[in-house]
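Coordinate analysis (summary)
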Amino acid sequence: MYLSNVTKNKTIRLIMILVGISLANMVKAQQAGIQGNVIDERGNHLPFTLVSLNGTGKATVTDTTGRYRIRNISPGRYLVGITRIGYKPQEKSVELLPGQVQQLDFIMEEDVTQLEQVEVTAKSESEELKETGYAVEVVEVKERKNLTSDINQVLKSTAGIHIRETGGVGSGFRLSLNGLSGNQIRYFIDGVPMENFGSALTLNNYPVNLIEKIEVYKGVVPVSLGADALGGAINITTGYRRKSFLDVAYSHGSFNTHQASVNGRYVDQERGYFVKLSSFFNHSDNNYRMENMPVFDLELGNRLGTIDTRRFHNEYTSGMVQVEAGLLDKKMADRWSLALTTAGNRKNYQHPDNTINRAFGAFHTKNKTLLASSTYRKYFKNLELRGYALMGRIMESVVDTSSKKYNWAGDYIIRKADDPKGELFERRSLMELTDFVLRSNLNTDYQLGNNHALSVNLTQNYLRRTGEDQVDEFNRSFETPNYIHKNLLGMAYTFKNEPGNVEATAFAKQYWFSGNIITQDYQDNDITTRPGFNSTGYGSVFTWHVTKAFQTKSSFERTFRIPESYEILGDGVYIRPNPTLAPETSYNANLGMRYIKQSGKIGLTLEANYFYRFSKDFILFNPIGPFGTFENLSNVRTIGTEGGVDVNYNEFVMLNANFTWQNLTDQTEFDEGLPNINYKSRVPNTPYLFGNARLGINPMKGTAGNNVVIYWNTRYVHEFFFTWENLGDADGKSTIPRQLTHDLHLEYAMDEGRYNLSLSLINITDALVFDNFNIQRPGRAVYVKCRYFLN
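The notes below deal with the structure included here. (Residues numbered from 1 in each chain as written. Predicted model: local features only at pLDDT ≥ 70, side-chain atom pairs only at ≥ 80, totals over all residues. Heavy atoms only, no water.)

What to know about a nonpolar patch on the surface
Taken together, the side chains of Leu442, Tyr446, Leu448, Leu454, Leu458, Leu489, Met491, Tyr493, Phe495 and Trp512 present a nonpolar region at the surface, about 840 Å² in accessible area. Contributions of two or more residues to the nonpolar patch are made by β30 (429-448), β31 (452-469) and β32 (482-496). In terms of residue count, the dominant contributor to the nonpolar patch is β32 (4 residues). Structurally, Tyr446 is set in strand β30. (Patch = residues over 30% accessible without salt bridge, like charges linked within 9 Å, V, L, I, M, F, W, Y side chains within 5 Å. Areas by Shrake-Rupley, 256 points an atom, 1.4 Å probe, with all protein chains shown as cover. Salt bridge = Lys/Arg side-chain N within 4 Å of Asp/Glu carboxyl O. Helix = DSSP H or I, 4+ residues; strand = E, 2+ residues; numbered from the N terminus.)

Brief notes about unusual backbone geometry
You will see that Phe478, though not glycine, has its phi angle at about 65°, which is positive. As for its position among the elements, Phe478 is in the loop between β31 and β32. Owing to a relative accessible area of 8%, Phe478 belongs among the buried residues under this scheme. (Buried < 20%, exposed > 50% of the residue type's maximum accessible area, 1.4 Å probe, protein only.)

Details of the pairing of strand β44 (residues 707-717)
In this structure, strand β43 (residues 689-697) lies alongside β44, joined through 8 bridges in antiparallel fashion. Note that in β44 the partner of Ile697 across the bridge is Ile710. (Pairing = 2+ DSSP bridges.)

Details of the nonpolar core
One finds Leu155, Leu175, Tyr206, Ile214 and Ile234 to be the most contacted residues of the largest nonpolar core, which totals 81 residues. Aside from chain neighbours lying at most four places away, what touches Leu175 is Leu155, Ile161, His162, Ile163, Leu180, Ser181, Gly182, Ile185, Tyr187, Leu203 and Ile234. (Core = buried A, V, L, I, M, F, W, Y, C linked by side-chain atoms within 4.5 Å. Contact = heavy atoms within 4.5 Å.)

Overview of the environment of Ile73
Tracing the backbone through its elements, the reader meets Ile73 in strand β4 (residues 67-73). Of the residues examined, Ile73 reaches a relative accessible area of 1% and is grouped as buried. As a C-alpha pair, Ile73 and Pro98 span 25 residues in sequence and 9.1 Å in three-dimensional space.

Quick word on the sheet that holds strand β14 (residues 180-181)
Across the sheet, which stays open at both edges, the 3 strands sit in the order β12-β13-β14 with antiparallel pairing between neighbours. Either end of the sheet is taken by a strand with one partner, and the two such strands are β12 (161-165) and β14. Strand direction decides the pairing type here: β12 and strand β13 (residues 173-177), joined by 5 bridges, are antiparallel. By the bridge assignment, His162 is partnered in β13 with Ser176.

Structural notes on the pattern of salt bridges
A complete count under the given rule lists 29 salt bridges for this structure. The partner of Lys88 in a salt bridge is Glu109, and the shortest N-O contact between them spans 3.3 Å. Taken together, the residues span a long stretch of sequence, with Lys88 in the loop between β5 (76-83) and β6 (90-96) and Glu109 in the loop between β8 (106-108) and β9 (113-115) at a distance of 21 residues. Accessibility expressed as a relative area gives 37% for Glu109, which makes it partly exposed. By sharing partners, the salt bridges in this structure join Arg67, Arg69, Asp329 and Asp334 into a single network.

A word on the packing of aromatic side chains
All chains considered together, the criterion is met by 17 aromatic pairs. Ring geometry for Tyr134 versus Tyr217: centroids 6.1 Å apart, planes at 90°, classification edge-to-face. Pair noted here: Tyr134 is in the loop between α2 (125-130) and β11 (136-140) and Tyr217 is in strand β17 (residues 213-218), with a separation of 83 residues, a long-range link. A relative accessible area of 12% places Tyr134 in the buried class. Feature note: the residues Tyr349, Phe360, Phe363, Phe425 and Phe627 constitute an aromatic cluster, connected by ring pairs. (Phe/Tyr/Trp six-rings, centres within 6.5 Å; stacked < 30°, edge-to-face > 60°.)

Some words on the sheet that holds strand β18 (residues 232-237)
Read from one edge of the open sheet, 5 strands run β11-β17-β18-β15-β16, paired in mixed fashion. The open sheet has two edge strands with one neighbour each: β11 and β16 (192-193). Judged from the 6 bridges that link them, β17 and β18 form a sheet pairing that is antiparallel. Bridge assignment links Glu215 to a residue of β18, and that residue is Asn235.

Here it is as structure tokens:
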């Protein structure tokens, strides 16, 4: 068959096009490229850093995460240079082979440069976060890693935060942020919600050596966290470094307290993968001395008097191991990881969490937690995509099987054979609760030019609980599975003007909640409750940098908080179920200012914030003896102010102090049609005035190799009422007395911080300190810590 001239011409042109494409692809295949990351010495990503290929005219800047790429480079040897204001420039030589994309990372060193008597430095990620309109505090823990501290002890020194505890290591606690507390505050670790992780993975278990910083959002929470928080959120970041390191620490101290941690990461930049190990171990006998403990006759129950004695059944042990492995800088993901976490604890109870009138000698709980999770992050030209998925099984055992009855003197009797009572419950019990959790999150951030950004976040959280009592055959709690399922969709739009001194964000959040809850009535009949909730929240954030030194910020939000599983279902120990518990609603507002000034060697930071919260269906724990339920209190208003000052003289002397005043009052005028006797009264068991001060001295500042730092911490909490302030006789009201404590820390670092020793003296004056539910806390304590850090 012969082809026409037209067909021939078309065929020839097609062949030429295909040959041209092939030749182009062959040439392109011979081209090389470089890519990498730019970070500072602390591991912070450095965006907008200039990266240039000297002598070629090719250059680029790093994106918001400090990453860069330069493509289509002819093979050969090149000199790659990077520059950024506030950092020393660097150059590296690289040999590029045909078709190779080589990884080339930089760690930049800070360089304070005087330009026309103006000091110019680069901003860290923490500083950039503080400069947003959110009322946010960023707590860097680098200077605390040599000290014996957990996350709670670090947070205590933050303005607006008060933590009430019921004992020593591993004890129950209640964190208050601007007056709102407990689950009204949401907790995250690297953006993943920590709720229902089990009692071994609470804040007072994590040592500071496993984390890098803590972000404290007060009131308004960004949509990126996907939180149904009423009063704020705390996000703990473990830090992501594109370099290998090892951090090993061990401390020993009073009350036979042992705390150890191992935190390390291996990174292979060329092959693009990493492996990380995080672990901790805690143990304490918690056998500190108690004063004026009531002693009751074990047979008749008569009060015999009071004694001073040591706790004898208060040991606590916990541990965690997490292994994470992932890929870096691949086509499908810039970072993708898989992690497996296992944790557990055993907690002996000396008494119920809300009273000291009963003493235990065998009652305890145990926890086993197993979590599997995956995180994902990918950057495109103007789009960032990130998400996580997590599933896990959490088992809590409540063991009340002893037939012995104890008092504070350590004496006991054995109950009669026909007496079914345990130490806490009316019938001896071994309750095993099993939670299955499944949660996921997807977040996108899209940059619309230089001045506009759009964020979308979708979060889901599912929990199913089952239980079985191995001893009490009459206890049918959780025999039928109960479940709670909540979803949240958030959208935010951000505008930033061209000079960059004004930024505004508007956002909306949609909440969905459903559940199936089965409880038993007094005749042991099943009662099924299917709660449901669907509502919309909204808010805005605004900041104006009036000058380079002075910033104002404001934020507002209408938000909802869906009750937690143990608030609705109970915890199998002290908390009774309340399936009719309603979600909380709150209107939150913040108005703040920030002033930063560097004058020669003296740095000054001043911060102040006014906060307002009006909460409907406020959830409050109502104790009834050693037990209790969470209940809705119609309306609660919170107003308050907080302030802080930070002075730094050439990093030789460092002083910071903060205070918080807050007033939580019941604003429910009528209760079921009758006048509310607590109308406009302060909410009980909540401090309203407290503050912190910290003085640090670095006498070896500027000395190469070794370093010594001395810290003095002071904390004050004013007296507050244990019960409603308007109830009872004025002279006989129960109060929690004022507290004034002082701590001293001595730290010695050798070989550029590789070897570290510290000595901590806690509550130096051995002050008698009472806390949550007026329960005495530990007195003077001494701790020694050794730490090895290889970077």
